[in-house]
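Observations on the model geometry
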Amino acid sequence: MTETGCKDPVILNLWHPIAAVAETAPGRVADTVLLEERLGFAIDDAGNAAVWRSRPGLATGDRVEPLEVRDTLPAKLAYGYLWTSLGSPEEIFPIPEFAEPDRRRLNAATIGVNVSAPRAIENFLDMGHFPYVHTDILGAEPHTEVKEYDVEISIERDEILATRCRFFQPMASTTSSGGADVDYIYRVPHPYCSVLYKSSPVDEKRLDVIAVFLQPIDQEHIHAHMMLCVLDEENEDKVIKRFQQTIFGQDKPILENQFPKRLPLDPRAETPIRADKSAIAYRRWLSQKGVTYGVIPALG
Amino acid sequence: MITLYDYELSGNCYKLRLLMSILGIEYKTAPVDFYPGREHKSEWFLKLNPLGQIPVIDDDGLVLRDAQAILIYLAAKYDPSGTWYPRGNPALLGKISQWLSFADGITATASAARLHDGLFYALDIDAARAGAHRLFRILDEHLWFGEREDRDWICSAPSPTIADIACFPYVMLSEEGGIPRQDYPAIRRWCDRVKRIKGFTVMSGVFPAGPA
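This is a predicted model, so every value here is computed, not measured.

1. As for the nonpolar core
By size, the foremost hydrophobic cluster in this structure holds 78 residues, and its most contacted members are I111(A), Y186(A), L214(A) and Y282(A). Every residue in contact with Y186(A), bar those within four places of it in the chain, is listed here: F124(A), L125(A), M127(A), F130(A), I160(A), L161(A), A162(A), C165(A), V195(A) and L196(A). If you look at the next biggest cluster of nonpolar residues, it comprises 60 residues, including L19(B), I22(B), I125(B) and A128(B).

2. Focus: the domain arrangement of chain A
Residues and elements named next belong to chain A. Splitting chain A by domain gives domain 1 (9-84) and domain 2 (96-296). Of note, the centres of domain 1 and domain 2, computed from C-alpha atoms alone, are 26 Å apart. Opposite the 19 residues of domain 1 that make contact, domain 2 presents 23 residues. Among the residues domain 1 hides against domain 2, the three largest losses belong to I11, Y79 and Y81. Together they make up 32% of the total. Counting the contacts that link domain 1 with domain 2 gives 0 salt bridges. Taken together, domain 1 and domain 2 are joined by 10 residue pairs in polar contact (both at pLDDT 80 or more). Mapped onto the side of domain 1 that touches domain 2, the elements with two or more residues apiece are α1 (9-12), β1 (16-20), β2 (30-34) and β6 (81-84). Looking at the side of domain 1 that touches domain 2, the element that brings in the most residues is β1, giving 5 residues. Classifying every residue of the side of domain 1 that touches domain 2 by side-chain character gives 14 nonpolar, 3 polar and 2 charged.

3. A closer look at the domain arrangement of chain B
All names here are of chain B. Under the domain assignment, chain B is made up of domain 1 (2-78) and domain 2 (90-195). Each of domain 1 and domain 2 has a C-alpha centre, and these two points are 21 Å apart. The interface of domain 1 with domain 2 comprises 16 residues on the first partner and 16 residues on the second. Both faces combined, the contact of domain 1 with domain 2 buries some 1,400 Å², and carbon together with sulfur accounts for 69% of it.

4. Structural notes on helix α7 (residues 185-195) of chain B
Those residues of α7(B) not exposed but buried are A186(B), I187(B), W190(B), C191(B), R193(B), V194(B) and K195(B). Against the buried residues of α7(B) lie α5 (125-148) and α6 (162-172) of chain B.

5. A word on the pattern of salt bridges
Under the defined criterion, the tally for this structure stands at 33 salt bridges over all chains. Two residues, R17(B) and E8(B), come together in a salt bridge whose shortest N-O distance is 3.8 Å. Of the two residues, R17(B) and E8(B), both sit in the buried class. Of the charged contacts, one joins R193(B) and E147(B) as a salt bridge, the two residues approaching to 3.3 Å between their closest N and O atoms. Placement of R193(B) in helix α7 and of E147(B) in helix α5 is noted, with a sequence separation of 46 residues between them. The class of E147(B) is buried, set by a relative accessible area of 17%. One network of salt bridges, in which partners are shared, links E100(A), D102(A), R103(A) and R206(A).

6. Looking at unusual backbone geometry
Cis rather than trans, the peptide bond between E141(A) and P142(A) has omega equal to 10 degrees. Along the polypeptide, P142(A) turns up in the loop between α3 (130-133) and β8 (150-154). Along the chain, F259(A) connects to P260(A) via a cis peptide bond; the corresponding omega equals -5 degrees. Turning to its location among the elements, P260(A) is positioned in the loop between α4 (237-256) and β14 (263-264). A positive phi angle, near 50 degrees, is found at R38(B), a position not held by glycine. Positive phi values are uncommon outside glycine, yet D150(B) reaches one of about 60 degrees. Relative to the assigned elements, D150(B) resides in the loop between α5 and α6. Overall, the relative accessible area of 72% leaves D150(B) in the exposed class.

7. With respect to the interface of chain B and chain A
Contact with chain B, which involves 20 residues of that partner, is made by 22 residues of chain A. Between chain B and chain A, a total of about 1,700 Å² is buried, with carbon and sulfur atoms accounting for 56% of that surface. For chain B, the biggest contributors to the area lost against chain A are P36(B), F120(B) and F207(B); these three give 29% of the whole. Viewed at the interface, chain A and chain B are joined by 4 salt bridges. Residues K238(A) and E39(B) are paired through a salt bridge, measuring 3.0 Å at the closest nitrogen-oxygen approach. In this structure, the connection of chain B to chain A is made through 11 residue pairs in polar contact (both at pLDDT 80 or more). The set of elements that each furnish at least two residues to the side of chain B that touches chain A consists of β2 (27-31) and α4 (90-119) of chain B. A total of 3 residues in the side of chain B that touches chain A trace back to one element, the largest contributor, which is α4(B). Here the residues of the side of chain B that touches chain A are counted per class, giving 9 nonpolar, 4 polar and 7 charged.

Cut-offs used in this document
Residues numbered from 1 in each chain as written. Chains lettered and ligands numbered in written order. Predicted model: local features only at pLDDT ≥ 70, side-chain atom pairs only at ≥ 80, totals over all residues. Heavy atoms only, no water. Core = buried A, V, L, I, M, F, W, Y, C linked by side-chain atoms within 4.5 Å. Buried < 20%, exposed > 50% of the residue type's maximum accessible area, 1.4 Å probe, protein only. Contact = heavy atoms within 4.5 Å. Domains from an automatic or database assignment. Buried area = accessible area lost by both parts, 1.4 Å probe. Salt bridge = Lys/Arg side-chain N within 4 Å of Asp/Glu carboxyl O. Polar contact = N/O pair within 3.5 Å; in protein donor to acceptor, adjacent residues only side chain to side chain. Helix = DSSP H or I, 4+ residues; strand = E, 2+ residues; numbered from the N terminus. Nonpolar A, V, L, I, M, F, W, Y, C, P; charged D, E, K, R; others polar.

Written out as structure tokens, the structure is:
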């Protein structure tokens with residue numbers, strides 16, 4: 001790393017996830033890194049949270065009352081995670097399904113990955129790799145074709161939406177009883193977060209929600225927080241988490257071997273195919289927003 | 001029937017799944033939420049293994065912990081060919097034990113580095129990586145000299161032994177701990193040979209061999 005610190009105002013002003021609430025010991029100081037800044041944070045049993053730039057006097061593991069910490073950064077609990085910002089954030093993007101009471105809401109895991117956030121988002125959007133990387137789970141040969149789907153950049157909601165995605169999956173979720181054509185909708189409502197909706201094997205009218213919320217450590221390292229919000233009354237939490245971790249564990253070496261690690265935004269930098277329609281929209285959207293952190297900006 | 005107390009992303013659990021797949025042993029999986037749930041430190045699990053480590057197997061009431069110990073048990077009991085752990089060959093058994101110990105050293109270094117990078121374990125990452133490189137250098141030389149005398153496997157036997165299974169997973173997953181293998185060509189060729197063993201199976205992070 002030659003540069004130090006994030007100077008990208010778009011990224012600085014966003015909410016970023018820094019910890020799963022379920023994995024945070026209540027009333028204790030914990031620490032993490034966001035955009036190359038070392039942060040301390042704490043959450044109490046009542047759901048009060050505080051985040052601050054690390055400083056002497058608040059050491060990891062110390063007891064602390066979040067409400068009594070002064071000189072703090074913005075803090076918010078949403079979708080099972082603690083979010084903060086190094087700038088002035090607007091409202092966080094909505095996931096209305098998260099409020100539906102019959103859903104299982106879990107942090108499948110938070111995993112450190114040696115990749116830029118945009119590369120990881122782009123991989124999450126890609127269906128073409130399913131049969132090869134997630135063999136016999138999210139895809140299988142010879143069902144390798146990515147059929148035509150629609151992508152729009154919603155100006156009003158400021159997010160990317162990919163719809164009418166359909167893929168044959170041997171085992172789409174823990175509740176699957178066999179292979180099926182599965183419908184997908186992808187949202188990218190935040191440069192480093194994506195929300196996926198896919199057919200629920202237990203209720204044909206509803207969709208499971210799986211999100212990746214990426215915490216940028218620096219331009220080439222992330223903590224990937226994987227949120228599940230699914231319909232499943234059969235399986236224990238650990239079985240649902242295991243399914244998602246298995247899939248993420250398959251993606252991890254692919255992500256870590258991407259070169260260059262930062263996502264090139266120049267349309268001529270990498271040759272896309274039809275399956276990459278959502279990736280093309282994502283790169284264009286990042287360019288339009290003027291994102292420079294974690295990417296190689298297009299020249300001119 | 002064997003029950004394997006298992007975590008998908010664990011290389012030590014994977015080595016048992018791998019040997020059982022190769023030997024065609026049927027087993028049930030009991031998932032352990034190693035991360036983020038730390039279920040291996042929970043009360044019920046500590047009754048099974050007071051060391052709080054995975055994997056553990058239960059074979060009709062025989063409870064065994066320690067991946068290397070379980071490899072010995074499975075091969076001794078379930079390998080009719082007797083080649084994976086050749087009980088009648090003391091010299092070879094000594095060598096196999098030596099490399100099972102070496103595999104524990106790989107766990108303490110390469111696997112530790114992977115836990116640091118991926119799951120945020122607090123440890124001396126530079127020492128872990130340096131330790132792994134030291135072991136990989138030794139293994140690479142051993143395999144390289146083996147190739148000069150037509151030895152394909154870690155031990156001097158015509159077919160692989162549990163020493164190969166014990167060492168393979170955390171060598172294969174080393175890049176997740178920031179330990180590249182480009183300087184170890186003999187290790188890379190050996191990994192490819194392991195992937196071509198009949199009955200080979202993958203785990204998350206390990207891909208099958210490419211077309212020959």
